[in-house]
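Survey of secondary and tertiary structure
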Amino acid sequence: MRRLPAFLLAALCGCASIAGHPRADARWLIDGKSLSVPAPAALPEGRPFRIAVYGDAQGNREAQRAVVEEIRRRKPDLVIFVGDACDCLPAGHMPDWGTLTYAVPFWPQYQRGKPAFGLLSLLPFPALWHETVLRPLGPPTDPEGLNRFLEESWPLRGVDRVPFLFVPGNHDLYHGVDREDVAAFSGAPEPMRLWRILDAGNIRLVVLDSGNDVQSDFDPLVHDGEQLKWLEAMLKDADERKLTTIVCAHFPPYSSASLEPPMPAMRHDVSEKQLLAHRVPLLLSGHAHAYERIDVAAPGRTMTCVVTGGAGGEFTSFEPDRAEPGSRRFIAGLHHFVMLEVGESEIRGTFVPVDPGDELRPNWHEAKDEFVVPVGK
């Protein structure tokens, strides 16, 4: 019992991982910010605007490198990353209060979709236990931070100079310093306002911050909050200007995956109350480590929702008991990305599998999905 106060004092004095959290290299941040802002160059007449979409690298260098190289071969005009560049976890599954996090004696433990996780609420000093005994099972911080992702995406951003939109994921936002780095890298206004738009000709891309889902932490999707009011204004403006709007978020409003259930706030407050009402044709998200295409019915039309989380995170599978009524295609167990071609009257999408380098998957290239999303004026 004598060791606990001494060790706790050491944590509070800066020996814990939050205090020594790896920061993103400033060289990457400056250039990354500039690359995410410019509109794509003028295209040859008749050629559609090409967008590559991938997500959920979660520190897997090998998988991300393979995905990036295949994207480069497709020569996109824009790349969208739909979140989870890092593999961070919240210390003790608590809000980040710096080193003081380790002094909290009890905290209600919560993980969406996993009710048994709540039993950990009985564990005293959860952040301290997470940092020590439980650390081998899932360290609170990624030892390489955002830098690993920045390095592996550099061929796209720095060599090919492709405009790059970064959508923050939950693993990218568990610690305050991560929010600061994401804001600096992505070109967002500030750490607590990571949402933004990018207009490219007749295309409006809306980037949302769906938060990190930690109980009592900052919630960017709070009902009638700043981001939702901003979203309503951006969608209304796009309607008036007859822009084709593509919305990007990390947490999916709809998902049939076994491990990453859909986020209620994204479903009710974002999709049902706003996107469907404003005739948004396409929603892109990640989080579930699989590919899924879901058609959501609305009066007189359909909104297509694409989940693409195949750039490195541990794969998940289809959950029959949670299957979305509008699920049209679910592909599990393959690294992948999605290519979009945005034209005047339609958006054409293609699922692109990436060689898994695994002899047990000899027919990986046969996994296919292609879709067409009508664009209404």
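Predicted model, so just to flag it, every value in this text is computed and none were measured. Residue numbers here run from 1 along each chain, matching the order of that chain's written sequence. This being a predicted model, a pLDDT of at least 70 is required before a residue's local features are given, and a value of 80 or more before pairs of side-chain atoms are given or counted; all residues contribute to the totals for chains, interfaces and linings. Here the side-chain values reflect all heavy atoms present in the structure, with hydrogen atoms and water set aside.

**Examining the sheet that holds strand β5 (residues 203-207)**
If you trace the 7 strands from one edge of the open sheet to the other, you get β4-β5-β6-β7-β9-β8-β10, paired in mixed fashion. Strands at the two margins of the open sheet, each flanked by one partner only, are β4 (196-200) and β10 (327-331). Strand-to-strand, the axes of this sheet are offset by a mean angle of 20°, without reference to chain direction. By definition, two strands form a pair when at least two bridges between them are found by DSSP. Each helix is a run of H or I in the DSSP string that is no shorter than four residues. Each strand is a run of E no shorter than two, and both are numbered from the N terminus. Bridging between β4 and β5 involves 5 bridges; their strand directions are antiparallel. To define axes, lines are fitted to C-alpha atoms, for helices over the stretch in contact only, and angles between the resulting N-to-C directions are given on a 0 to 180 degree scale.

**Quick look at the confidence of the model for the protein chain**
The predictor attaches a confidence to each residue, and that confidence, scored 0 to 100, is pLDDT. On average, residues of the protein chain score 88 in pLDDT, and 90% of them are at 70 or above. Predicted confidence in the protein chain is weakest over helix α1 (residues 3-15), with a mean pLDDT of 42, and strongest over strand β7 (residues 282-285), with 98. Here a residue-residue contact requires only that any non-hydrogen atoms of the pair lie within 4.5 Å. Of the regions scoring below 50 in pLDDT, residues 1-17 engages in 24 contacts with residues more than four places distant in sequence or in other chains.

**Describing the environment of Ala66**
Its location among the elements puts Ala66 in helix α3 (residues 61-74). As a C-alpha pair, Ala66 and Pro356 span 290 residues in sequence and 8.5 Å in three-dimensional space.

**Side note on the sheet that holds strand β11 (residues 336-342)**
Spatial ordering of the open sheet is given by β3-β2-β1-β11-β12-β13, a layout of 6 strands whose pairing is mixed. Two strands bound the open sheet, and with one partner strand each, they are β3 (164-166) and β13 (370-374). Direction aside, the axes of adjacent strands within the sheet are offset by 20° on average. Where strand β1 (residues 49-54) and strand β2 (residues 78-81) come together, 4 bridges link them in parallel fashion. Each residue of the ladder has a partner; that of Tyr54, found in β2, is Phe81. Contacting β1, β2 and β3, helix α5 (residues 147-159) runs over the sheet at an angle of about 150° to β3.

**Focus on the environment of Gly138**
Looking at the element boundaries, Gly138 is found in the loop between α4 (126-131) and α5. A simple rule labels every residue: compare its accessible area, found with a 1.4 Å probe on the protein chains alone, to the largest value its type can have, and call it buried under 20%, exposed over 50%, or partly exposed in between. A residue is classified by how much of its surface remains accessible, and Gly138, at 9% relative accessible area, is buried. Separated by 51 residues in the primary sequence, Gly138 and Asp87 place their C-alpha atoms 9.0 Å from one another. For Gly138, the residues in contact, after removing those within four places along its chain, are Leu89 and His130.

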